[in-house]
Amino acid sequence: MPNIYYPNESGLKKLDVMLNEIKIKSKNNKFDCIMGISGGLDSSYLLYLGYKWGLRILAFHIDDGFNTKIAEHNIENLCKKSGIDLVIEKPDKDQFSDVTKAFMIAGLPGICNPQDNIIVSYLYKNAKKYGIKYFLSGANFSLESILQRGNGTNASDGYHIKKISEKFGTKGVDKLPLVTLFERYIKFKYTQKLNVLRPLDYIDYNKESAIKELSNFCSFNYYGGKHYENTLTHFAQVYYLPKKFNIDKRTSHLSSLIISGQMSRAEAIAELGKPLYNKDYFDNELDLILTKLNFTRSEFDRLMVTPPKKHSDYPRSYFNNFANLARMMRKYLSD
């Protein structure tokens, strides 16, 4: 933590250096930086801070068909109040739903991998279009320092996503802008040279304070949990992963709050004792999910009791092996 998270005077100095560099090197561009916004807390708070810091921001949002009304409200109000330019990208909804369904039929935990992959693709697309060299990420140590290992695979593995679609899908992925590991970690990194920065690591980022500030600024509504602002990610975290894989993401999220001093361990354990979801509310949400993914309830119920699989059970990119990725990167640079 001392080498990553700086909620102190040292962090403010680092932040000042970062902001000055962005403004100086982007002075001839229309935008200083690009930010993604989901309507969730981290991205919304960073966008709000960027506005306060006087940055010229291009915000982009991916409407994959699973937005919640709360998220749409938050995005609209925040961008209007701050005057920030917003680009909304809409991937092909039929293919997106189909490949998400394919991951579920395959029995895999990473059903949000296509979603994450497409976000990265649109990030680089818009950064290139507007000549932007700085991406300010809402990723942070304060609320997400603890992550469970061993249950997923790199979402930027477009090859893996295509293979799952070929085996278990029906509509293909040719209309979806998927990226590969090579493109993200080598081609984009060394040709487009987009600088990825994490400003939230340079402030005292407190969850409750951030919610209060946003609420006062733009009537921000909190949605009850990390990543609950999207129907698909909410479904994955409160139902799909716990029921099929015995994974409760709250353990990671609450542990992060303990590490950053925002919650005691006793308080976190008490929170874990609460139900994952409100049954009446979730029954309606589940019906929506099944409709969007073209599942009957009987098909879905059978799927949920089939043995879970690992991503390594299916073809993945050669680059998923980090050692191979490092070797190929050295070769690419030498060439």
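Residues numbered from 1 in each chain as written. Predicted model: local features only at pLDDT ≥ 70, side-chain atom pairs only at ≥ 80, totals over all residues. Heavy atoms only, no water.

J.: Hey, could you run me through the pattern of salt bridges in this one?
T.: Under the counting rule described, the total for this entry stands at 11 salt bridges. Asp-42 is the partner of Lys-226 in a salt bridge, and the nearest nitrogen-oxygen pair spans 2.7 Å. Remark: Asp-42 occurs in helix α2 (residues 41-52) and Lys-226 occurs in the loop between α9 (207-218) and α10 (231-245); sequence separation between them is 184 residues. The same class applies to Lys-226 and to Asp-42, which are both buried. (Salt bridge = Lys/Arg side-chain N within 4 Å of Asp/Glu carboxyl O. Helix = DSSP H or I, 4+ residues; strand = E, 2+ residues; numbered from the N terminus. Buried < 20%, exposed > 50% of the residue type's maximum accessible area, 1.4 Å probe, protein only.)

J.: I'm lost on helix α5 (residues 113-129) in this one. Help?
T.: Since the α-helix turns once every 3.6 residues, residues separated by three or four places project in the same direction. For α5, spanning 17 residues, the distance from its first C-alpha to its last is 25 Å, which sits close to the expected 24 Å at 1.5 Å a residue. Of all the positions in α5, only Asn-113, Pro-114, Gln-115, Asn-117, Ile-118, Val-120, Ser-121, Tyr-122, Leu-123, Tyr-124, Asn-126 and Ala-127 are classed as buried. Taken from the residues just after α5, Gly-131 is the one with a positive phi, measuring 65°. (Expected span 1.5 Å × (residues − 1).)

J.: I tried to follow the environment of Phe-217 on my own but got confused; where do I start?
T.: Following the sequence through the fold, Phe-217 ends up in helix α9. Its relative accessible area of 16% is what places Phe-217 among the buried residues. Expressed as a C-alpha distance, the spacing of Phe-217 and Ser-43, which sit 174 residues apart in the sequence, is 15 Å. In contact with Phe-217, other than residues within four places in its own chain, are Tyr-48, Tyr-51, Leu-78, Lys-81 and Ser-82. (Contact = heavy atoms within 4.5 Å.)

J.: Quick question: what am I supposed to make of the environment of Ile-37 here?
T.: With respect to the helices, strands and loops of the structure, Ile-37 is situated in the loop between β1 (33-36) and α2. For the pair Ile-37 and Ser-137, spaced 100 residues apart in the sequence, the C-alpha separation amounts to 9.6 Å. Ignoring any residue separated from it by four or fewer positions in sequence, one finds Ile-37 in contact with Ser-43, Ser-44, Leu-47, Ala-59, Phe-60, His-61, Ile-75, Leu-78 and Leu-86.

J.: How should I be thinking about the pairing of strand β2 (residues 57-62) in this particular structure?
T.: On a regular strand, each side chain points to the face opposite its neighbour's, so the side chains alternate between the two faces of the sheet. Where burial is concerned, most of β2 is hidden: six out of the six residues are buried. Burial along β2 is two-sided: Ile-57, Ala-59 and His-61 facing one way and Leu-58, Phe-60 and Ile-62 facing the other are all buried. The pairing of β1 with β2 spans four bridges and is parallel. For Cys-33, the partnering residue across the bridge sits in β2 and is Ile-57. At this point the chain moves from β1, through α2, to the parallel β2, and the crossover so formed is right-handed. Of the strand pairs in this sheet, β2 and strand β3 (residues 85-89) are connected by five bridges, and their pairing is parallel. From the neighbouring strand, Ala-59 faces β3, where its bridge partner is Leu-86. (Pairing = 2+ DSSP bridges. Right-handed = clockwise from strand over helix to strand, strands pointing away.)

J.: Is there a simple way to think about unusual backbone geometry in this case?
T.: Of all residues except glycine, most have a negative phi; of all peptide bonds, most are trans. Positioned with a positive phi, Asn-246 is a non-glycine residue whose angle comes to about 55°. Of note, Asn-246 is situated in the loop between α10 and α11 (250-259). Although it is not a glycine, Asn-294 sits at a positive phi angle of roughly 60°. The exposure class of Asn-294 is exposed, given its relative accessible area of 60%.

J.: Any chance you could explain a nonpolar patch on the surface here in plain terms?
T.: There is a patch of nonpolar side chains on the surface, built from Met-1, Ile-146 and Ile-259 and spanning about 240 Å² of accessible area. In this fold, Ile-146 is placed in the loop between α6 (141-144) and α7 (158-168). Taking the relative accessible area as the measure of exposure, Ile-146 reaches 33% and is therefore partly exposed. (Patch = residues over 30% accessible without salt bridge, like charges linked within 9 Å, V, L, I, M, F, W, Y side chains within 5 Å. Areas by Shrake-Rupley, 256 points an atom, 1.4 Å probe, with all protein chains shown as cover.)

J.: Looking at this structure, I do not really get the environment of Leu-41. What am I missing?
T.: Mapped onto the elements of the fold, Leu-41 is located in helix α2. With relative accessibility at 4%, the residue Leu-41 sits in the buried group. It is 8.7 Å that separates the C-alpha atoms of Leu-41 and His-227, two residues lying 186 residues apart in sequence. The residues touching Leu-41, leaving out its near neighbours within four places in the chain, are Leu-143, Tyr-205, Lys-207, Ala-210, Ile-211, Leu-214, Phe-220, Tyr-222 and Tyr-223.

J.: Looking at this model, I keep getting lost on the side chain of Ser-252. Mind explaining?
T.: Relative to the helices and strands, Ser-252 resides in helix α11. With a relative accessible area of 3%, Ser-252 lands in the buried category. Discounting residues that sit within four places of it in the chain, Ser-252 has contacts with Ile-146, Leu-147 and Gln-148.

J.: Would you mind showing me how to read the packing of aromatic side chains here?
T.: Centre-to-centre distance and the angle between the planes together describe a pair of aromatic rings. One pass over the structure, following the stated rule, counts 21 aromatic pairs. Put simply, the rings of Phe-235, Tyr-239, Tyr-240, Phe-245, Tyr-277, Phe-282, Phe-295 and Phe-300 touch in pairs and so form one group of aromatic residues. Cation over ring: Lys-14 sits above Tyr-6, and NZ or CZ is 4.8 Å from the ring centre. Lys-292 extends its terminal NZ or CZ atom over the ring of Phe-66, reaching a point 5.6 Å from the ring centre. (Phe/Tyr/Trp six-rings, centres within 6.5 Å; stacked < 30°, edge-to-face > 60°. Lys NZ or Arg CZ within 6 Å of the ring centre and 35° of its normal.)

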